[in-house]
Amino acid sequence: MRTAHRTCPLCEAVCGLTITLDDGGRVTRVRGDDADPFSKGFICPKGASLGRLDEDPDRLSAPLVRRDGEWHQVSWAEAFAAVERGLAAVPGPSRAIYLGNPNAHTMAGTLYASPLARSLGTRQVFSASTADQMPKHVSAGLMFGDPLAIPVPDLDRTGYLLMLGANPLESNGSLCTAPDFPGRLKALRARGGRLVVVDPRRTRTAALADEHVFARPGTDAHLLMGMVHTLFAEKLTDVRVPVSGLDELEEAARNFTPEACAAVCGVPAAQIARLARELAAAPEAAVYGRIGTCTVEFGTLTQWLVDVLNVLTGNLDRPGGAMFPRPAAVGPRRRKPYATGRWHSRVRGLPEANGELPVAALAEEIETPGEGRIRALVTVAGNPVLSAPGGERLDRALAGLEFMVSVDPYLNETTRHAHVILPPPRVLQSGHYDFALLGFAVRDYARYSPPVLPMADRPSESEILARLAMIASGQGAETDPALLDELILDQALRAAVGTPGSPVEGRDPAELRAMLTGTTGAELRLDAMLRLGPYGAWGGRLPYGDGAQDADLGARDADHGAQDADLSAQDADLSAQGADHGGQGADHGGQGADLGGQGAGSGVNGTGAGNGSGSGDEGLSLATLRAYPHGLDIGPLRERLGEVLRTASGTVELAPETITADVARLRDALGREASPFVLIGRRHLRSNNSWMHNVAPLVGGSNRCTLQIHPADAAELGLTGEAVVRSASGKLTVTVEPTDTIMRGVVSLPHGWGHAGSTQAVAAEHAGVSANVLTDESVVDPLSGNAVFNGVPVTLAPA
Ligand SMILES: Nc1nc2c(c(=O)[nH]1)N[C@H]1C(S)=C(S)[C@@H](COP(=O)(O)OP(=O)(O)OC[C@H]3O[C@@H](n4cnc5c(=O)[nH]c(N)nc54)[C@H](O)[C@@H]3O)O[C@H]1N2
Ligand SMILES: Nc1nc2c(c(=O)[nH]1)N[C@H]1C(S)=C(S)[C@@H](COP(=O)(O)OP(=O)(O)OC[C@H]3O[C@@H](n4cnc5c(=O)[nH]c(N)nc54)[C@H](O)[C@@H]3O)O[C@H]1N2
Ligand code: SF4
Ligand SMILES: [Mo]
């Protein structure tokens, strides 16, 4: 028996786990890690099942190759050789990559997906980001100049939280990394704070709130515009940060009286106005909008309005308001002004965002003949047949590819179309660091988990992706993947030493390289990022030290080590990317101004080894982080807008042209007639998108893949038992679940079900139906290209 500690990789809450294993390396127990200063012992049923998931007998343990419709288990060398042949037959521009959600949860995904995408020599880069949070990146890019500058609600200190389209009691939070989100919400109420939840369903989160606002799906932008209008009309604005475009914003909001907006969202005008007044009056408040407000036709406008309200009420970059985390491990920062639409998709002409094209366009790019048609596809940790809009069409399209390779532990709805499947090792065989998620954490915190179990005679996922990158760039299946790490490290260190004012300016890259420790390329790169980061051994400073770092706020010019991490740029960035699920083009929010201070702070706010003061050589590195196996608490969030802003004006842009131009569409929708029934999604605590349905304890109990509908609607339509649901793109038959927790005129179906063609035995018994048969890939949020999953018009009939 032994005990190991590791961060849970299954959702964004980054809980510390304490794992007990027997002598054979089998997990006997998983508990929350009480000594983790961030998660403090919190765990959910998914984390508790990590052992079952990890030891799932249906996981692939060796590569598979498909020949004449038959799957064959082959050696790694044979599998990579097959990939080399498959990719060689297709020129770069006709290759594509799809990066799924778990890339944000593995070191391999965050460090190697970006170089892999670049090595393919294509602009056909797709990811789950355009089925998720791309509107938030676009609005952050346009407002703050950096698509990763996403403020998070300061959960532990706020006194008023307006939450829209999020259900953290089931999801445990998203773009807001907060282990024990439920406990933090209860604490907010216990200290006298107020929680208001806007959702078409009375979710568990809404039930916990002081106030639940039922709003029609897809109309949050109207609701928020009505609030902005009220703030201006009643002279309640209190802007405390440098801004541009205030007058244009007021002008844009002019037509959106609470009365006009009320008609669209179904929220009474008096309530809209009151919410605005409450938000303005609260001593510190935050507005937070998540997936329910992203995957809608006005996704980017909604995300913009969320932060507009944070600015107008004086809550941006203020303790208790909406704040920018300062993660420990950072890569180079973008320098060029943020823009979308640098290129467009071939068939529909949809704009690129963050170097990616919308996943809603993937099927047509495979199907439509012509120069640049996608003929070969790489998928990493994705199941777009179930997760992308219009999934049935994508299912058919994938079948027509000349070559497809998937890096995935399962043979499932998507990977069954691959010619080669390369399985990653078990979770417990991989080291873990949350490069992406810690950039959205409600406290600054860092934790490295070394592998719990050794890896025998097989490549790590990092090595798999590195090798694919070498193959794609023509270096051959035999080349040592470690060369890629050395290349990336060399470029990053050269850039750092060559940057005037950098703390390592003028030093010898080889000397710095020799200081790095780690047994894998991923560890070496983490070490470099920690050392170059804001608390790093190479000149960063820990907070709480000498107070002098406050003087750094606003020093936006000290952009040390900056290097463009653009898709078109040749230089491989150290960081891969942040929140975007393996897409590229963006990198983590800025450490710049803090590097290079003399007199490092002392005393990390954690347990164990203290940090000395003085030289700056005792800051974070992989070695110092290893001394905190339960994680290192760096402290509450601090004001840092000055070092975050990357706009040309040096101010927060309240009315970027791209966005105000789209307001016309919102205005047109004021007079629009709503469709009688619209579809929305739903998440459950014991599920995770499409891939945790093969773990018996997580799928037991009553069927969760049901269509929720208000009992009065069900009665009017005569729906009992099963219903046929039709949309513009498809139809399916599903079990009806009448419940008064959902608004009239709205039906809800979870996504990620509809298991077919998978070798997952348990999942096959709980197959369910795929919500994405009904979602329509022809409709996107035009500014971000994001898929529309909420507010999909449907008709219903008894089966
Ligand atoms: N209708 C509707 N559709 C939605 C949504 C919705 O709310 N409604 N939500 C959207 C959102 S937010 C997202 S993020 C997407 C998710 O979209 P995807 O990322 O495409 O789908 P997942 O179901 O997360 O699939 C993850 C895949 O990764 C594999 N996997 C798991 N762990 C690992 C690993 O460590 N390494 C590798 N290589 N593979 C691994 C799994 O076997 C699975 O095949 O779905 C979107 N689709
Ligand atoms: N247990 C579990 N946890 C997960 C996941 C999972 O599948 N299962 N997925 C992970 C992923 S990939 C993500 S992105 C996050 C997402 O995390 P959350 O954003 O918290 O996602 P949901 O739980 O789907 O909550 C979205 C809510 O929006 C509501 N909603 C739908 N349409 C609208 C609308 O138009 N307006 C408003 N205001 N509300 C609307 C829905 O009813 C739902 O309650 O969760 C992550 N965590
Ligand atoms: S809340 Fe998320 S991170 Fe925490 S144990 Fe559950 S799945 Fe893991
Ligand atoms: Mo997601």
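Look up a bit, the structure's there.
Not measured: the values here are computed from a predicted model.

About the cut-offs
Residues numbered from 1 in each chain as written. Chains lettered and ligands numbered in written order. Predicted model: local features only at pLDDT ≥ 70, side-chain atom pairs only at ≥ 80, totals over all residues. Heavy atoms only, no water. Near = heavy atom within 4 Å. Polar contact = N/O pair within 3.5 Å; in protein donor to acceptor, adjacent residues only side chain to side chain. Nonpolar A, V, L, I, M, F, W, Y, C, P; charged D, E, K, R; others polar. Domains from an automatic or database assignment. Helix = DSSP H or I, 4+ residues; strand = E, 2+ residues; numbered from the N terminus. Contact = heavy atoms within 4.5 Å. Pairing = 2+ DSSP bridges. Axes fitted to C-alpha atoms, helices over the stretch in contact; angles between N-to-C directions. Buried < 20%, exposed > 50% of the residue type's maximum accessible area, 1.4 Å probe, protein only. Right-handed = clockwise from strand over helix to strand, strands pointing away. Phe/Tyr/Trp six-rings, centres within 6.5 Å; stacked < 30°, edge-to-face > 60°. Lys NZ or Arg CZ within 6 Å of the ring centre and 35° of its normal. Parallel < 35°, antiparallel > 145°, perpendicular 65-115°, else oblique. Left-handed = near helix turned anticlockwise from the far one by under 90°. Arc of directions from axis to C-beta. Core = buried A, V, L, I, M, F, W, Y, C linked by side-chain atoms within 4.5 Å. Salt bridge = Lys/Arg side-chain N within 4 Å of Asp/Glu carboxyl O.

1. So, the site of ligand 1
What surrounds ligand 1 is a group of 28 residues, the closest being Y98, N101, D408, E461 and S690. The separation between an oxygen atom of ligand 1 and a polar side-chain atom of Y98 is 2.7 Å. A distance of 3.2 Å separates a nitrogen atom of ligand 1 from a polar side-chain atom of R683. Considered class by class, the residues forming the shell around ligand 1 number 13 nonpolar, 11 polar and 4 charged. Taken together, domain 2 (64-132 + 351-424 + 460-625 + 639-644) and domain 4 (674-798) each give at least three residues to the shell around ligand 1, which thus spans both.

2. Some words on the side chain of Q760
With respect to the secondary-structure elements, Q760 resides in the loop between β25 (746-748) and α27 (761-765). With residues up to four places along the chain from it excluded, the contact list for Q760 reads D58, Y410, L411, N412 and N694.

3. Describing the sheet that holds strand β5 (residues 70-73)
Pairing within the open sheet is mixed, and its 7 strands lie in the order β5-β4-β17-β16-β15-β6-β7. For this open sheet the edge positions go to β5 and β7 (125-127), each flanked by a neighbour on one side alone. Across the sheet, the mean angle from the axis of one strand to that of its neighbour is 15 degrees, orientation sign disregarded. Bridge count for strand β4 (residues 64-67) against strand β17 (residues 420-422) is 2 bridges, and the pairing is antiparallel. What sits directly across from L64, in β17, is I421. Contacts from helix α18 (residues 461-472) reach β6 (95-99), β15 (376-380), β16 (403-407) and β17, with the element oriented near 155 degrees to β16.

4. Focus: the pairing of β6
Of all 5 residues that make up β6, 5 are buried, and the element is covered over most of its length. Relative to β15, β6 is paired through 5 bridges, and the arrangement is parallel. Each residue of the ladder has a partner; that of A96, found in β15, is L377. When β6 meets β7, the two strands line up parallel, connected through 3 bridges. Paired with I97 across the bridge in β7 is V125. The β-α-β motif built from β6, the intervening helix α4 (residues 107-119) and the parallel element β7 has right-handed crossover chirality.

5. Considerations on the site of ligand 3
Around ligand 3, the neighbouring residues are C8, L10, C11, A13, V14, C15, I43, C44, K46, G47 and N172. Residues that form the shell around ligand 3 fall into these classes: 8 nonpolar, 2 polar and 1 charged.

6. Let's talk about the packing of aromatic side chains
One pass over the full model with this rule turns up 5 aromatic pairs. Their ring planes at 35 degrees and their centres at 5.9 Å tell us that W76 and F80 sit as a pair that is tilted. On the criterion of helical spacing, the pair formed by W76 and F80 is a turn pair, its members being 4 residues apart in helix α3 (residues 76-88). Taking NZ or CZ as reference, R467 lies 5.5 Å from the ring centre of F80, over its face. Taking NZ or CZ as reference, R525 lies 4.7 Å from the ring centre of Y112, over its face.

7. What about unusual backbone geometry?
You will see that K40, though not glycine, has its phi angle at about 45 degrees, which is positive. Turning to its location among the elements, K40 is positioned in the loop between β3 (27-32) and α1 (45-48). The backbone of N172 shows a phi angle near 65 degrees, a positive value even though the residue is not glycine. You can see N172 is positioned in the loop between α6 (168-171) and α7 (181-190).

8. Structural notes on the sheet that holds strand β28 (residues 792-793)
Spatially, β28-β21-β25-β22-β24-β23-β29 is the arrangement adopted by the 7 strands of the open sheet, whose pairing is mixed. Strands at the two margins of the open sheet, each flanked by one partner only, are β28 and β29 (795-798). Note that strand β21 (residues 678-680) and β28 share 2 bridges and pair antiparallel. Bridge pairing links L679 to V792 in β28.

9. Some words on the packing of helix α9 (residues 220-233) against helix α14 (residues 299-312)
Packed helix pairs are specified by the crossing angle of their axes together with the interaxial distance, meaning the distance between the axes. Viewed as axis vectors pointing N to C, α9 and α14 meet at an angle of 25 degrees, and their least axial separation amounts to 9 Å. Relative to α14, the element α9 lies roughly parallel. As for how α9 packs across α14, the hand of that crossing is left-handed. Across the interface between the two elements, D220, A221, L224, M225, M227, V228, L231 and F232 of α9 pack against T302, W304, L305, V306, V308, L309 and L312 of α14.

10. Quick look at helix α24 (residues 657-668)
Where α24 is concerned, the buried positions are I659, D662, V663 and L666. The arc that holds every buried residue of α24, seen down its axis, measures 135 degrees, which confines them to one face. Facing away from the buried side of α24 by more than 90 degrees, the exposed set consists of E657, A661 and D668. Where α24 is buried, its residues touch α5 (134-144), α9, α10 (246-252) and α14.

11. Focus on the nonpolar core
L185, W304, L422, Y433 and V652 are the most contacted members of the largest nonpolar core, which has 153 residues in total. Once you skip the residues sitting within four places of it in the chain, W304 turns out to touch S139, M143, M225, L249, L654, P656, I659 and V663. Residues L60, Y98, A363 and F789 belong to the second largest nonpolar core, which totals 28 residues.

12. Some thoughts on the environment of F440
When you line up the elements, F440 lands in the loop between β17 and β18 (443-446). By relative accessible area, F440 is classed as buried at 1%. Along the sequence, F440 and P153 sit 287 residues apart, while their C-alpha atoms lie 9.5 Å from each other.

13. A few points about the environment of F232
When you line up the elements, F232 lands in helix α9. Sequence spacing of F232 and A253 is 21 residues, and the spatial spacing of their C-alpha atoms is 8.6 Å. Other than its neighbours up to four places away in sequence, F232 contacts T237, L246, L249, E250 and L312.

14. What to know about the packing of helix α19 (residues 482-497) against helix α21 (residues 521-532)
Where α19 contacts α21, the axes come no closer than 10 Å and their chain directions differ by 10 degrees. In terms of their interaxial angle, α19 and α21 are classed as roughly parallel. Taken together, the residues of α21 that come into contact with α19 (itself represented by D485, E486, I488, L489 and A496) are G521, L524, R525, A528 and L532. The class makeup of the residues in the contact of α19 with α21 is 6 nonpolar, 1 polar and 3 charged.

15. A short note on the pattern of salt bridges
The final tally for this structure, using the stated rule, is 42 salt bridges. The shortest N-O distance in the salt bridge between R202 and D740 comes to 3.4 Å. Of this pair, R202 sits in the loop between β10 (194-198) and α8 (204-208) while D740 sits in the loop between β24 (731-738) and β25; the two residues are 538 residues apart in sequence, bridging distant segments of the chain. With relative accessibility at 36%, the residue R202 sits in the partly exposed group. The shortest N-O distance in the salt bridge between E352 and R342 comes to 2.6 Å. A residue pair is termed long-range when its members are at least 10 positions apart, and E352 in the loop between β14 (322-323) and α15 (362-367) and R342 in the loop between β14 and α15 qualify at 10 residues. The network of salt bridges with common partners includes R26, D54, E55 and R426.

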